[in-house]
Amino acid sequence: MANSIYLDHAATTFVRPEVIDTMHTLMREEYGNASSIHSQGRSARSKVESARKKIAKIINASVGELFFTSTATEANNMIIQRAVIDLGVDLIISSPTEHHCVLYAIARVAKENNVKVVNLKVDQNGDVDPEEIQIIAKANPDKKIMVSLMNGNNELGNMHPVSAISAICKEMDILFHCDAVQAMGKYHIDVQRTYYSFLTASSHKFHGPKGVGFVYINNGNIISPFIVGGAQERNMRAGTENVYGIVGMADALSMMVDERDIIVNHLSEIQSYFESKLLQAIPTCTINAQGAHARMAHITSVSFPPGPKADMLMFNLDINGFCASSGSACSAGIEEDSHVLIAIDHPSDRKTIRFSFSYLTTTSEIDSLIEALGRMI
Ligand code: PLP
């Protein structure tokens, strides 16, 4: 939308123009079904397979370990459900700050299959202690365990110590499922160097189209499909392939990775600029998860001092053309902190807003935001 300043890139972001052009051409000219055996079908199939190759190369997987899904929500549900049913997982170790699609999938599968769930403790920065995994695993020697922990947190921006978590899982023969949605494209992910059993990602978080994602399933873990009724994705995910989406996703990820250093550098500069200007302008603000083990450069979660002005802040930002995300959800007419803010003991009288940046975010957009926040608070 013209005239608005969009600072909600962690929720979703724009599709790169080059990706739109490629998808547009495919939609107009190559609409074959990738499962059809005629020439149009074979052409669509070859595009899907070269997209698979591109993504596999980026994360250092083999093409046989990559499956396309509709979203990361689907991919996370798939892994959590099938790991329990097909691999006999009966203890899941996770954290209270995971995305709802992970937490709800775990809650459902646990209820239906008598699976024990233990959530790691998180501190006020959203950090977990990987050693707690060892303690829980040692206390449950007869259990088949899966750890389900995200790479970077979508609300706070903190990063879990994935290398340490992965090393413990490998050593203790624990399955490791990692929701890499926010980190994919921006942070280096190599499934050979770091042990992952399953890894999930979503195209619309790295400038690809919405409604397409992928899952890496390490070859050693044979699971059955979550969605049945077709032989697509080598019988692992039924449903006609979203050819334009898959191609667009692979192109978007390739471009992100090619420009990763420049992009992350820019995001870090924007983040530091924003945070220092904000704290100068409104010293009573605090940055959530600022002391975390590591932080992603595209997300800053700000906690505003209590008061009627803070209560109106999301509304005022919106009517003044700023798009950001509230850290609260409305439940039965009462605004409540999100499950993530509750987990880190964020004071409920303070309002949290998440600002998230892209490689096109400018310092002049940040200046406008700071000026507006100064007026509104
Ligand atoms: N996991 C994380 C960390 C996310 O941030 C999101 C989206 O916000 C998802 C999963 C769900 O991804 P999708 O939009 O592809 O369903």
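The present account deals with the structure reproduced in this document. (Residues numbered from 1 in each chain as written. Predicted model: local features only at pLDDT ≥ 70, side-chain atom pairs only at ≥ 80, totals over all residues. Heavy atoms only, no water.)

## Brief notes about the overall build of the chain
Next, step 1: From N to C terminus, the chain includes 13 helices and 15 strands.
Next, step 2: Taken against the 2.2 N^0.38 rule, which gives 21 Å for 377 residues, the C-alpha radius of gyration of the chain at 21 Å falls within 12% of a compact globule.
Next, step 3: Dimensions of the chain, computed from C-alpha atoms along their principal axes, come out at roughly 60 × 55 × 40 Å.
Next, step 4: Counting all 377 residues of the chain, 54% fall into the buried class.
Next, step 5: Restricting the contact set of the chain to residue pairs at least 6 apart, pairs at least 24 apart contribute 73%. (Helix = DSSP H or I, 4+ residues; strand = E, 2+ residues; numbered from the N terminus. Rg over C-alpha atoms; globule rule 2.2 N^0.38 Å. Buried < 20%, exposed > 50% of the residue type's maximum accessible area, 1.4 Å probe, protein only. Contact = heavy atoms within 4.5 Å.)

## Points about the packing of helix H1 (residues 17-29) against helix H8 (residues 243-258)
Next, step 1: Close contact between H1 and H8 brings their axes to 9 Å; oriented N to C, the two are set at 160 degrees. With respect to their mutual orientation, H1 and H8 come out roughly antiparallel. Classified by chirality, the crossing of H8 by H1 is right-handed. Residues Glu18, Val19, Thr22, Met23, Leu26 and Met27 of H1 lie in contact with H8, whose contacting residues are Tyr244, Gly245, Val247, Gly248, Asp251, Ala252 and Met255.
Next, step 2: Among the residues forming the contact of H1 with H8, the class breakdown is eight nonpolar, three polar and two charged. (Axes fitted to C-alpha atoms, helices over the stretch in contact; angles between N-to-C directions. Parallel < 35°, antiparallel > 145°, perpendicular 65-115°, else oblique. Left-handed = near helix turned anticlockwise from the far one by under 90°. Nonpolar A, V, L, I, M, F, W, Y, C, P; charged D, E, K, R; others polar.)

## Describing helix H3 (residues 72-87)
Next, step 1: For H3, with 16 residues, the first-to-last C-alpha span of 21 Å sits near the 22 Å given by 1.5 Å per residue.
Next, step 2: Burial analysis of H3 places twelve of its 16 residues in the buried class, the great majority of the element.
Next, step 3: When H3 is considered as a whole, its buried residues turn out to be Ala72, Glu74, Ala75, Asn76, Asn77, Met78, Ile79, Ile80, Gln81, Arg82, Ala83 and Val84.
Next, step 4: Residue Thr71 occupies the N-cap position of H3, its side-chain oxygen lying 3.4 Å from the main-chain nitrogen of Thr73.
Next, step 5: Downstream of H3 by a residue or two, Gly88 has a phi angle that is positive, lying close to 75 degrees. (Expected span 1.5 Å × (residues − 1). Polar contact = N/O pair within 3.5 Å; in protein donor to acceptor, adjacent residues only side chain to side chain.)

## What about empty space enclosed by the protein?
Next, step 1: Within this structure, the stated rule accounts for two cavities of 30 Å³ or more.
Next, step 2: By volume, the largest cavity is sized at about 70 Å³.
Next, step 3: In terms of lining residues, the largest cavity is bounded by His9, Thr13, Lys186, Lys205, His207, Met256, Ile263, Leu267, His298, Phe357, Ser358 and Tyr359.
Next, step 4: Looking at the lining of the largest cavity, its residues break down into five nonpolar, five polar and two charged.
Next, step 5: Here the second largest cavity is characterised by a volume of approximately 40 Å³.
Next, step 6: For the second largest cavity, the full set of lining residues is Ile58, Ile59, Met184, Gly185, Tyr187, His188, Ile189, Val257 and Arg260.
Next, step 7: For the lining of the second largest cavity, the class distribution of residues is six nonpolar, two polar and one charged. (1 Å grid on protein atoms, 1.4 Å probe; cavity = no way out; pocket = protein on both sides within 12 Å on 5 of 7 lines; lining within 4 Å. Points joined across faces, edges and corners; volume = space filled by probe spheres on them.)

## Focus: the pattern of salt bridges
Next, step 1: Under the defined criterion, the tally for this structure stands at 15 salt bridges.
Next, step 2: The salt bridge partner of Arg45 is Glu241, with a shortest N-O separation of 2.9 Å. A residue pair is termed long-range when its members are at least 10 positions apart, and Arg45 in helix H2 (residues 39-59) and Glu241 in the loop between helix H7 (232-235) and H8 qualify at 196 residues.
Next, step 3: Among the residues examined, Arg45 registers a relative accessible area of 25% and is labelled partly exposed.
Next, step 4: Here Lys351 makes a salt bridge to Asp311, at a shortest N to O gap of 3.8 Å. On the criterion of sequence distance, the pair formed by Lys351 in strand E15 (residues 351-356) and Asp311 in helix H10 (residues 308-311) is long-range, its members being 40 residues apart.
Next, step 5: One salt-bridge network, in which partners are shared between bridges, spans Arg45, Glu49, Arg52, Glu233 and Glu241. (Salt bridge = Lys/Arg side-chain N within 4 Å of Asp/Glu carboxyl O.)

## Comments concerning the pairing of strand E4 (residues 116-119)
Next, step 1: Sheet analysis places strand E3 (residues 91-94) next to E4, joined by four bridges and oriented parallel. Residue Ile93 lies in a different strand from E4, and its bridge partner there is Val118.
Next, step 2: Since E3 and E4 lie parallel, the crossover through helix H4 (residues 100-113) that links them has a hand, and here it is right-handed. (Pairing = 2+ DSSP bridges. Right-handed = clockwise from strand over helix to strand, strands pointing away.)

## Things to note about the sheet that holds strand E5 (residues 145-148)
The strands making up a sheet associate through hydrogen bonds between their backbones, and the pairing can be parallel or antiparallel.
Next, step 1: Across the sheet, seven strands lie side by side as E2-E8-E7-E6-E5-E3-E4; this open sheet has mixed pairing. Looking at the sheet topology across the chains shown, the edges are occupied by strand E2 (66-69) and E4. For this sheet, the mean inter-axis angle between neighbouring strands, taken without regard to orientation, is 20 degrees.
Next, step 2: Contacting E2, E3, E5, strand E6 (175-179), strand E7 (198-202) and strand E8 (213-217), H3 runs over the sheet at an angle of about 160 degrees to E7.
Next, step 3: This element, helix H5 (residues 131-139), spans E3, E4 and E5 of the sheet and lies at about 165 degrees to E3.

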